[in-house]
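Single-letter residue listing:
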Amino acid sequence: MIAALFAAALAVSASCDLERPSGKPGCTRATVDALPMNSLQVLGTHNSYKMAIAPKEMEQLRKANAKAAIELDYSHIRLTDQLNTGARQLELDYVYDPDGGRYSTPLFRKVVPDTTPYDLTPMARPGMKVLHVPDIDYRSVCPLFVDCLKEIRAWSQAHPDHVPVLIIMNLKQDQIKVPGAVKLLAFDAKAMDAVDAEIRSVFKPNELITPDKVQGKHKTLRDAVLAGAWPKLKAARGKFMFAIDEGPDVVAVYRGARKSLEGRVCFINSPSEDSPAAAYLTLNEPAELQGRIQNDVRAGYIVRTRADADTYEARRGEYERQKQAFASGAQYVSSDYMQPDPRFGLYEAHLPGGGLARLNPVRTAK
């Protein structure tokens, strides 16, 4: 089966846009749709929900922690606009708030009154709240997780032929070490069930790529992945794959006593390639982990890495990390700069060769 998948990939032109095939030889819809979804490579965004910290609040942060201020000095446009620009991976981080109101009065907003408009009324509603750092970096293009998902689904309904979009999620529960900061709730088994429930409240089953659908009749999810069981692009178009991007202790709570991820909506950042639940890995250092990423991609896993981090590349106009990220073969490469930040210069990230989705350079190697 693996040999057949590579043969199918080799039949597709390396310059072909997998989302919008040209119809020319080597780039027809039929040849592209025969590829498994892990044969693509796309660009996405890191902390896709993040708005800029208000000016006076940023000034206070610089005084308290200059390094953190530098690393948090970025923002994104609306999710719909990111998707329209070409993002095919998004990141939504959230806190657990089953009763609502826990995050309605951010500490920084009380300590440093700022007139920069921001509507906090959605925070009173029950459900996951999408934000980066509670009390400090709390402004989001969509404060409620469910509302973010509704916006994403609406875009998808208007663009049903899009390649599969990966949505990765950090579960915020580490207490902020700032006096007066709100107490974060732990993501226990009940909270993990709530994550799945909120996703299922928005997306229909046939709009999701889940661990069960990939595993099929294989003994474990890992067995399925190594056997090449990812859906073909034809079946994966218009669909979404969710992954919890956390360390071993957190994903163990989500997995529970399951052999793999039976019944779950989300994939997990696997603690190792040997785990029965291994299918997806977050490997964010494309230079340091180049060999591992390439080996994992060749084996059949789906990998996400980063083209830039902490505003470093944008401030220096440095492209080496971005080049390493795309060369690694990671299917999903995220950036904070699908458009340049004029304060820093012209740095931006684009898929090599243009287009929205390209043939994976590692999966197609002879």
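That block above? That's the structure.
What you are looking at is a predicted structure, and each value in this text was computed from that prediction instead of being measured.

What counts, and at which threshold
Residues numbered from 1 in each chain as written. Predicted model: local features only at pLDDT ≥ 70, side-chain atom pairs only at ≥ 80, totals over all residues. Heavy atoms only, no water. Pairing = 2+ DSSP bridges. Helix = DSSP H or I, 4+ residues; strand = E, 2+ residues; numbered from the N terminus. Contact = heavy atoms within 4.5 Å. Axes fitted to C-alpha atoms, helices over the stretch in contact; angles between N-to-C directions. Salt bridge = Lys/Arg side-chain N within 4 Å of Asp/Glu carboxyl O. Disulfide = S-S within 2.5 Å. Buried < 20%, exposed > 50% of the residue type's maximum accessible area, 1.4 Å probe, protein only.

A.B. asks: Explanation requested: the sheet that holds strand 1 (residues 40-45) in the structure shown.
C.D. replies: Hydrogen bonds between backbone groups are what pair the strands of a sheet, and the pairing can be parallel or antiparallel. If you trace the five strands from one edge of the open sheet to the other, you get 8-9-10-1-11, paired in mixed fashion. For this open sheet the edge positions go to strand 8 (280-282) and strand 11 (358-359), each flanked by a neighbour on one side alone. Of the strand pairs in this sheet, strand 8 and strand 9 (residues 302-306) are connected by three bridges, and their pairing is parallel. Paired with Y280 across the strands is I302, a residue of strand 9. Strands strand 8 and strand 9 of the sheet are contacted by helix 13 (residues 290-299), whose axis makes an angle of about 150° with strand 9.

A.B. asks: Help me understand the pattern of salt bridges, please; the structure alone is not making it clear to me.
C.D. replies: As a working rule, side chains carrying opposite charge can pair if their charged atoms are close by. Tallied over the full model, the rule gives 24 salt bridges. The closest approach of N and O atoms between D33 and R29, which form a salt bridge, is 2.7 Å. Of the two residues, D33 and R29 are both situated in helix 2 (residues 29-33); the distance of four residues between them amounts to about one turn of the helix. Between D196 and R264 there is a salt bridge, with the nearest N and O atoms lying 3.1 Å from each other.

A.B. asks: Could you clarify how one ought to interpret the state of the cysteines in this entry?
C.D. replies: Covalently bonding the sulfur atom of one cysteine to the sulfur atom of another cysteine gives a disulfide. With the rule as written, the count across this model stands at two disulfides. Each sulfur in the disulfide pair C16 and C27 lies 2.1 Å from the other. An S-S torsion of about 75° defines the bridge between C16 and C27 as right-handed. One end of the pair, C16, is in the loop between helix 1 (2-10) and helix 2; the other, C27, is in the loop between helix 1 and helix 2, and 11 residues separate them in sequence. Residue C16 shares its accessibility class with C27, and that shared class is buried. Each disulfide pairs two cysteine sulfurs, and for C142 the partner residue is C148, the sulfurs being separated by 2.0 Å. Across the S-S bond linking C142 and C148, the dihedral sits near 100°, which makes this disulfide right-handed. Using a relative accessible area of 0% as the deciding quantity, one classes C148 as buried.

By themselves, these figures tell us nothing about what the structure is for.
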